[in-house]
Amino acid sequence: MGVTDSEPRSNAPIAELSLRSVLLGLILSVVMGAANVYLGLKAGMTVSASIPAAVVAMLVLRGVLRGGTVLEANQVQTAASAGESLAAGVIFTLPALVLIGVWQKFDQLTTTLIALSGGVLGVLFMIPMRKVFVTAPSKELTYPEGVACAAVLTAGTSEGQERSQARSVVYGTLLGAAFKALGSFFGVIRHTLEGAASVAGRAVYFGADISPALVAVGFIVRLHIAVLIFIGGALGWLVAIPMFSLDADALSSPLDAAWTLWSQKVRYIGVGAMLVGGVAAIVRVRHGLLSAVRELRRVARTGAAEAGEDLPGGLISTLAVAASLLIGVLYYSLTHDALIAATTTVIMVVMSFFFTAVASYIVGLVGNSNSPVSGMTITAVLFTGGLLLLFGFSGESGMLATLGVAAVVCCAACTSGDVCNDLKTGQLVGASPRRQQLMQLAGIAVASLVMAPVLQLLHDNTPGGIGGRELSAPQANLFASLARGFFGDGQLPWPLVWLGVALGSVVLALDAVLEKRQAAVRLHVMPIAVGVYLPLGLSVPILVGGLIARAVQGDAPPGEVQARLGRGVLFASGAIAGESLTGVGIALLASVGVAQLAPVLPSSVSGVLTFGAAGVAVLAFFRFSRARRAS
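Sequence order as written defines the numbering, with residues in each chain counted from 1. The model is predicted, so local features are restricted to residues of pLDDT at least 70 and side-chain atom pairs to those at 80 or more, both for listing and for counting; the totals for chains, interfaces and linings are taken over all residues. As a rule here, side-chain values come from all non-hydrogen atoms in the structure, and water together with hydrogens is ignored.

Caption draft 1: Structural view of the packing of aromatic side chains. Between rings of Phe, Tyr and Trp, where Trp is taken as its six-membered ring, a pair exists when centres lie within 6.5 Å; planes separated by under 30 degrees are stacked, by over 60 edge-to-face, and by other angles tilted. Throughout the structure, instances matching the rule amount to 12 aromatic pairs. Ring geometry for Trp237 versus Trp259: centroids 5.1 Å apart, planes at 75°, classification edge-to-face. Within this pair, whereas Trp237 is found in helix α9 (residues 212-240), its partner Trp259 is found in helix α11 (residues 254-284), the two being separated by 22 residues in sequence. Summarising the burial analysis for this pair, Trp237 and Trp259 share the class buried. Helix and strand assignments follow DSSP, with helices taken as H or I runs no shorter than four residues and strands as E runs no shorter than two, numbered in order from the N terminus. Throughout this description, buried means an accessible area under 20% of the type-specific maximum (1.4 Å probe, protein chains only), exposed means over 50%, and partly exposed covers the range between.

Caption draft 2: Geometry of the packing of helix α22 (residues 536-553) against helix α23 (residues 561-591). Axis angles are defined between N-to-C directions and span 0 to 180 degrees, where every axis is a line fitted to C-alpha atoms and, for a helix, only to the segment in contact. Between α22 and α23, the shortest axis-to-axis distance is 9 Å and the interhelical angle comes to 125°. Here α23 runs oblique to α22, going by the angle between their axes. As α22 packs across α23, the resulting crossing turns out to be right-handed. Contacts from Ala549, Val552 and Gln553 in α22 reach Val561, Arg564 and Leu565 in α23. Here the term charged refers only to Asp, Glu, Lys and Arg, the term nonpolar to Ala, Val, Leu, Ile, Met, Phe, Trp, Tyr, Cys and Pro, and the term polar to all other amino acids, Gly among them. Here the residues of the contact of α22 with α23 sort into four nonpolar, one polar and one charged. Here the angle decides the label: under 35 degrees means roughly parallel, over 145 means roughly antiparallel, 65 to 115 means roughly perpendicular, and every other value means oblique. Crossing handedness is read from the near helix: turned anticlockwise from the far helix by less than a right angle, it gives a left-handed crossing, and turned clockwise, a right-handed one. The contact rule is simple, with two residues in contact once any of their heavy atoms fall within 4.5 Å.

Caption draft 3: Structural context of empty space enclosed by the protein. Two kinds of site are reported from a 1 Å grid over the protein atoms alone, namely cavities, where a 1.4 Å probe fits but cannot get out, and pockets, open sets with protein on both sides within 12 Å along at least five of seven lines, and residues are called lining when an atom falls within 4 Å of a point. Grid points are joined across faces, edges and corners, and a volume is the space filled by probe spheres set on the points. Summed over all chains, the structure comprises four cavities of 30 Å³ or more. One number sums up the size of the largest cavity: a volume of about 90 Å³. Lining the largest cavity, in full, are Met32, Ala35, Asn36, Val47, Ser48, Ala49, Pro52, Ile220, Ser573, Ile576 and Ala577. Tallied by class, the residues present in the lining of the largest cavity amount to eight nonpolar, three polar and no charged. Taken as a whole, the second largest cavity holds about 70 Å³ of empty space. Elements supplying a minimum of two residues to the lining of the second largest cavity: α1 (19-43) and α8 (159-185). Counting residues per element, the lining of the second largest cavity draws most heavily on α8, at three residues. Residue composition of the lining of the second largest cavity, by class: four nonpolar, two polar and four charged.

Caption draft 4: Inspection of the packing of helix α15 (residues 373-390) against helix α16 (residues 395-429) at higher detail. The geometry of α15 relative to α16 is characterised by a closest axis approach of 9 Å and an angle of 150° between their N-to-C directions. One element, α15, and the other, α16, form an angle in the roughly antiparallel class. Crossing handedness for the pair α15 and α16: right-handed. Residues Val373, Met376, Thr377, Ala380, Val381, Thr384, Gly385 and Leu388 of α15 touch α16, and the partners they reach there are Gly398, Ala401, Thr402, Val405, Ala406, Val409, Cys410, Ala413 and Cys414. Residues belonging to the contact of α15 with α16 are distributed by class as follows: 12 nonpolar, five polar and no charged.

Caption draft 5: Inspection of the side chain of Thr111 at higher detail. Following the sequence through the fold, Thr111 ends up in helix α5 (residues 108-126). Non-local contacts of Thr111, meaning those with residues more than four positions away in its chain, are made with Val90, Leu94, Trp103, Phe106, Met451 and Ala452.

Structure below.
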């Protein structure tokens, strides 16, 4: 299975961890990491890089280098997805340190060490769990994205299929890049079409971001999740915001009033709902978590990996201890308090292992793109902050310690889920787990070096910086508010948080009823909660992408849905990469003095052009997402 025409037909070992696969994988880990830094800051979520990286790997190895095996391509996507997952862990948490004013810029050494240590712990903690989550037969853990990536790798052995996949990625990349350039560099189209009115002294808002990348996110997560995200957005922006009356000053600018109400009040409802989602996810995976603990104890006792296929248990323990000590030293350098550093290091290790197991299990259930890492990180922030507050810690050191723990835990959770997904893909194509684990560690090491430069580049050269309208960084803003509420001069609106807890509990109860009735439609808490605390403009194009995916899927039976949507997933992945990397490129140009062009078109003209461009993007998704008919 998975042998290409260029592979040896004898019993000789198939090439896997070669120089070309390592170099290409490390390059893509940097590229995918940078792209997902931008996407995560903009959209508040990231998507798995495994499938597009697999396609690019097969294209370069077979089309450019005239060689390559499925196992080499699998190693490339393993490293590339490591960069993507690490980016998610970093951008959800570390920008909060800049937003609360503790950092004036992203510290290169600290950012790198947090990303590296968190990523390494995610890999190491996941390895002993492979037997529980990956190799053990399970009807529940279907690994939708891991299986899809394996299918892409094996399909790439066909030259015609390979070219078709490559075209889909290239066309999507061109669409995403064109939209970003027209909007952010040439100023021809707008980023958002939005408006608000004052109705009976209350703000009524509606808007939509114009972004192929967001449409692509909706296509990848499909209609069910996209609808739930939009429901959350509608509850927050169309129901909750109009419940607050406006004062006389706000009546003159209902648009600004709507954004202020969301920022200061409504998104905390989402916090409470996400907390419920995080706790529910932990409860759901409790049996798998206990199995993982038993397996970790076995490895620690025997010092043996499963059948010699994984990294040795002694090496795992040594690297885990080294990473933990490194983080402890880093915490001390940040807080200058040995007690805080020791306390937070212990909390970090326990929670990193805990959420590694949770994230790994959930990826097997719903895939990497749908893993509720935000809810897990919120749980880590609230638990750590509450514990440190109980111990009497306060001020800047308390904020640093809380966000420091959250950053490492988030990196570990994101990375472990990615490792689990990649190991499943590797199992299906016959890869070596040990070599994949080495490649994952290498990808993390390289990607961690570029996190701080990319963050600083975007912060310095994007209008409004990180936390502004274009790169709203919703999670980071949220964690900054939580840190201020615990240890700073801010106050958490606990009544609104508890309202969110009530909302999440109601959704959870309704979902339990639907599950008991074996309904085809479910009400998952986390997507709804995410929709509440995201700007509404993000959920609209995500919904459009979900609708397109449903139209392309048509009446395909369940077993053929992935194949029907495969071309569209590649096109969507290209659109995300094109828009994100162009955004980073524009920031890079601005940093060397190439200024963005000021809009020269009248507002009415740019509005018409923006609306027309949005229509073109939708048509392009339909055109390039439909499977080609067999001739």
